[in-house]
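# Structural description and commentary
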Amino acid sequence: MKISLSCLKDYIPVNIETDELVKSLTNVGLEVDSTRNIYEYLKPFKVAKILKIEPHPDADKLSLCDVKIENDKILKVVCGASNIKEGMKVPIALPGDTMPDGQKLKKSKIRGIKSEGMLLSAKELALSDDSSGILVLNDEAEIGSSINETLNLSDTLIEIDLTPNRADCLSIIGIAREVGALQDKKVEYPKIKIDEKEGEIDNLTSVEVLDELCPRYCAKLIFDITVKESPEWLKKKLLSLDLKPINNIVDITNFVMMEMGQPLHAYDYDLLEENRIVVKRACDKEKFTTLDEKTRELNDDMLMICDGKKSIGIAGVMGGLNTEINDKTKRVLLESAYFNPASIRKTSKKLSIHTEASHRIEREVDPEITLKALYRATEMIEKLGEGKTITGHIDSRTKTIKGNKEIVLNIDYITKILGLSVTLNEVKKHLESIEFKVEKISDNQIKVTIPSFRTDIVKPIDLVEEVARLSGYDKIPTSFPTITLNAIYSEKNLYLKNQIKNILIGYGFTETINYSFINKDFQDKLNLPDDDERRNIIEIANPLKEEQSVMRTSLLPGIFYSIKNNISNSRNNLKLFETGKVFFKTNEEMPKEKEYLVFLLTGSQNNNVWYDKNREFDFYDIKGALDSFLKALFIKPEFKKVKSEESYYLRHTHSAFIFVNDKLIGKIGEVKSETLKKFEIKQKTYIAEIDLSTLLTLITFKRQDSPISKYPSIARDITLISDKKMPVNDILKYIESLNENLIEDVAIIDVYEGKPIPEGKKSISIRIIYRSYEKSLKDKAINKLHTHLTTKLIKEIKVDLPPE
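All values reported here derive from a predicted model rather than from experimental measurement. (Residues numbered from 1 in each chain as written. Predicted model: local features only at pLDDT ≥ 70, side-chain atom pairs only at ≥ 80, totals over all residues. Heavy atoms only, no water.)

On to the overall build of the protein chain. The secondary structure content of the protein chain amounts to 20 helices and 40 strands. Compactness check: the protein chain gives a C-alpha radius of gyration of 41 Å against a globular reference of 28 Å for 804 residues, more than 25% above the reference. If you line up the protein chain on its principal axes, its C-alpha atoms span 125 × 85 × 60 Å. At a minimum sequence separation of 6, the contacts of the protein chain that also span at least 24 residues come to 69%. (Helix = DSSP H or I, 4+ residues; strand = E, 2+ residues; numbered from the N terminus. Rg over C-alpha atoms; globule rule 2.2 N^0.38 Å. Contact = heavy atoms within 4.5 Å.)

Laid out in structure tokens, this is it:
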């Protein structure tokens, strides 16, 4: 809220210095952001006297002026204004001066003639919109003096950073009320007196409110007005409030809004079809041109002010160009209304229009000031617009607005909350200073009637806050609460999740964190079937943007977005992981939540060293990372091939389901190129997607500890020929199932397809490590065991030895 010191003094005497006033306002919760001299910018501009005027030799509409600025210093100035005369005193800007619009005036030649300055109009001085000629100063103005001193323009603008609940202070009177409480003085409210002599309003217009989003709509008619420039005192007041004067009618509505906090709007009565008002919602996709000459598309949630046939204003936000007050306007319908704050807030945000009116209405204006503000503006139009007020007013209500609330307050309760000892009389004095009505019930209780302008006061605790700020926050004693300390133990799953993150970070992965809100189109990008659980999305009621319109049911869209952003910044080699919740819509009030873990590889092993070459990541890199990750958790996984119809976004030939103890915990594989293309990723990507909620239940950290053998190991290799479709894991599982004590480790060292291996077959080379914890092994015994093992494999697994 911006308010000038001069405007404030019209309603309350201010007997303290500006610095002290700023400090006091901040202490009562109205934080002052800044103060500035409103007219400080005029200081560089001086008073000059035109001594001589000659025509410009190369331009009919330009004149050459000899101008005296100080100490008999004469300058040559080129001027295009038609109202200049010899002997006239005018404002001048010299080269190097900063103009009100921020530009610096430079030396220039105009049609070949050097101009040593610039004579200024009221518009160029940012004092009004009048650009018809140079601003003429009084003959008494002293040559060389500053314009702000000459025009007696000196005022302080105070900018207050209000919290959203203090809508009552979005007006001059509201701030004056707070200043009055600081000085123990009462606000001097404007006395309103109008002269109603013409006709009857009910015979000339009507108001029909068709929606409860407008609980109250008031209207007055003023005829035979003259639209013209506002008087200097009104323009000066608006400028001191950082508002731009337009014309007397519009300026009055703006001034009353700033004075009383109630937005108003004036319509040209003769431009209203059927000379009546209808308040209703807009049609969906309706086009409407507002006062700023922009055409906007509306929807059927937006409340509109209409006449008998068309829309004429967006309720509480901005009026329409089709009924704008103009120089030909003779009859005015004046609007003062109370609109639903939430509705106006949504409309303002949707249309990206933020006005002084919408700013106030969406914070909830005083519901009882509607008619008073209407009469205040009517009185001013009567005087400054020379209008005739039509008898009566319209006050249309669709529902009853809650009246003044009554709250019973216990004095001991205040002491308990604040730790500050206060008496009933002190509390009564503080609350009455801001126009609350206080009635004593007992020695320890009062009944407080809340005025309509304090819509934020609803509970006793709100009154405690009022007492605190008016008493002075600095008077509340410092104290420390008594706290019983109990040992806090880390929740098990939190510990496990931290361990999981540490393991992945140790393997060189980087954690990424994305929003839980994603774009609705992710379902189709991932090629999810219609019955997939991940299509049970929860839509956001008021999304910030389309890309964040639904709650995620998968971590993949977010981490794919991270890949895209990194690649866009030339970071092509990535090892990323993310953990987080996903949300599924259910028939219950709350969604179903599950936690997932995704980690991925894309790009290459970027070693950047001369002795090693870069190698692109492949499926076995992500599988190796998964194996190592689960091994660190003392979990042994099993893999089953993904069927084509279940692959969705993974290549079914390069993907697998992950099982632990026969429980499905996720998928691993290469992402399809067509899926990556939809996310604008152009390089191969490999992912492991794990149901973290399930995995956490499987982690036990039971170590399979064994002593280190002091005896050497013996390695034996075996090469087998198997069917091409046989999983290599079947061979490893069979060897493990034999429970042979001397087998320490089994590993695949080579898989080969092609000549001389028969078609449809593959060659698998396996290395078995034998070791004893009791003695050194002999080759003869190991050879016998190895031959026995080979025979069993050929018989049970249906594999062959390679041809000799």
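Here we come to the nonpolar core. Formed by 56 residues in total, the largest nonpolar core has its most connected members in Leu8 and Ile160. With 8 residues, helix α9 (residues 370-384) is the single largest residue contributor to this core. When neighbours within four sequence positions are excluded, Ile160 is seen to be in contact with Met1, Ile3, Leu25, Leu30, Glu31, Val32, Asp33 and Ile175. Among the nonpolar cores identified, the runner-up in size contains 40 residues, and Leu213, Tyr267, Ala282 and Met304 belong to it. (Core = buried A, V, L, I, M, F, W, Y, C linked by side-chain atoms within 4.5 Å. Buried < 20%, exposed > 50% of the residue type's maximum accessible area, 1.4 Å probe, protein only.)

Once that is clear, we can look at the side chain of Arg716. Position of Arg716 among the secondary structure elements: in strand β38 (residues 714-723). Here Asp779 takes part through its side chain, which lies 3.3 Å from a polar atom of the side chain of Arg716. A polar side-chain atom of Arg716 sits 2.9 Å from a polar atom in the side chain of Asn783. In this view, Arg716 contacts Ile766, Arg767, Ile768, Tyr770, Asp779, Ile782, Asn783 and His786; residues no more than four positions away in its chain are not counted. (Polar contact = N/O pair within 3.5 Å; in protein donor to acceptor, adjacent residues only side chain to side chain.)

As a further point, take the sheet that holds strand β3 (residues 46-56). Taken in spatial order, the 5 strands line up as β5-β4-β3-β6-β9 in an open sheet, and their pairing is antiparallel. With one partner strand each, in any of the chains shown, β5 (73-79) and β9 (118-119) form the two edges of the open sheet. As paired elements, β3 and strand β4 (residues 59-70) share 7 bridges and run antiparallel to each other. Paired with Lys49 across the strands is Lys68, a residue of β4. (Pairing = 2+ DSSP bridges.)

The full count for this structure, using the stated rule, is 1 cavity of 30 Å³ or more. Empty space within the largest cavity amounts to approximately 30 Å³. Arg177, Gly180, Ala181, Lys185, Lys186, Val187, Ser433 and Glu435 are the residues that line the largest cavity. For the lining of the largest cavity, the per-class residue count stands at 2 nonpolar, 2 polar and 4 charged. (1 Å grid on protein atoms, 1.4 Å probe; cavity = no way out; pocket = protein on both sides within 12 Å on 5 of 7 lines; lining within 4 Å. Points joined across faces, edges and corners; volume = space filled by probe spheres on them. Nonpolar A, V, L, I, M, F, W, Y, C, P; charged D, E, K, R; others polar.)

Another aspect to go through is a nonpolar patch on the surface. On the surface, a cluster of nonpolar side chains totalling about 230 Å² of accessible area is made up of Tyr413, Ile417 and Ile461. If you trace the backbone, Ile417 turns up in helix α10 (residues 411-418). Assessed through its relative accessible area of 41%, Ile417 is described here as partly exposed. (Patch = residues over 30% accessible without salt bridge, like charges linked within 9 Å, V, L, I, M, F, W, Y side chains within 5 Å. Areas by Shrake-Rupley, 256 points an atom, 1.4 Å probe, with all protein chains shown as cover. Salt bridge = Lys/Arg side-chain N within 4 Å of Asp/Glu carboxyl O.)

Moving on, we get to unusual backbone geometry. Each neighbour pair has its own omega, and for Lys755 with Pro756 the value is 5°, a cis peptide bond. Inspection of the secondary structure puts Pro756 in the loop between β39 (743-752) and β40 (761-770). Positioned with a positive phi, Asp184 is a non-glycine residue whose angle comes to about 60°. Summarising the element assignment, Asp184 is placed in the loop between α4 (172-183) and β11 (196-200). Overall, the relative accessible area of 60% leaves Asp184 in the exposed class. Of note, Asn661 is a non-glycine position whose phi angle comes to about 50°, a positive value.

Of all 8 residues in strand β13 (residues 216-223), 8 are buried; the element is thus mostly enclosed. Taking every second residue as pointing to the same face, both faces of β13 are buried, with Arg216, Cys218, Lys220 and Ile222 on one and Tyr217, Ala219, Leu221 and Phe223 on the other. Sheet topology places β13 next to strand β21 (residues 332-338); 7 bridges connect them, and they run antiparallel. When the bridges of β21 are listed, Lys220 appears paired with Leu334. By the bridge criterion, 4 bridges tie β13 to strand β23 (residues 394-397) in an arrangement that is antiparallel. Considered in β23, the bridge of Cys218 is made with Asp395. In this structure, β13 lies alongside strand β22 (residues 388-391), joined through 2 bridges in antiparallel fashion.

Here we take up helix α2 (residues 18-27). Turning to α2, its buried residues number three or more, namely Leu21, Val22, Ser24 and Leu25. Seen from one end, α2 has its buried residues packed into an arc of 165°, which puts them on one side. Exposed positions of α2 whose direction lies more than 90 degrees from the buried face are Asp19 and Lys23. Buried-residue contacts for α2 involve α1 (5-9), β2 (31-37), β10 (156-161) and α4. (Arc of directions from axis to C-beta.)

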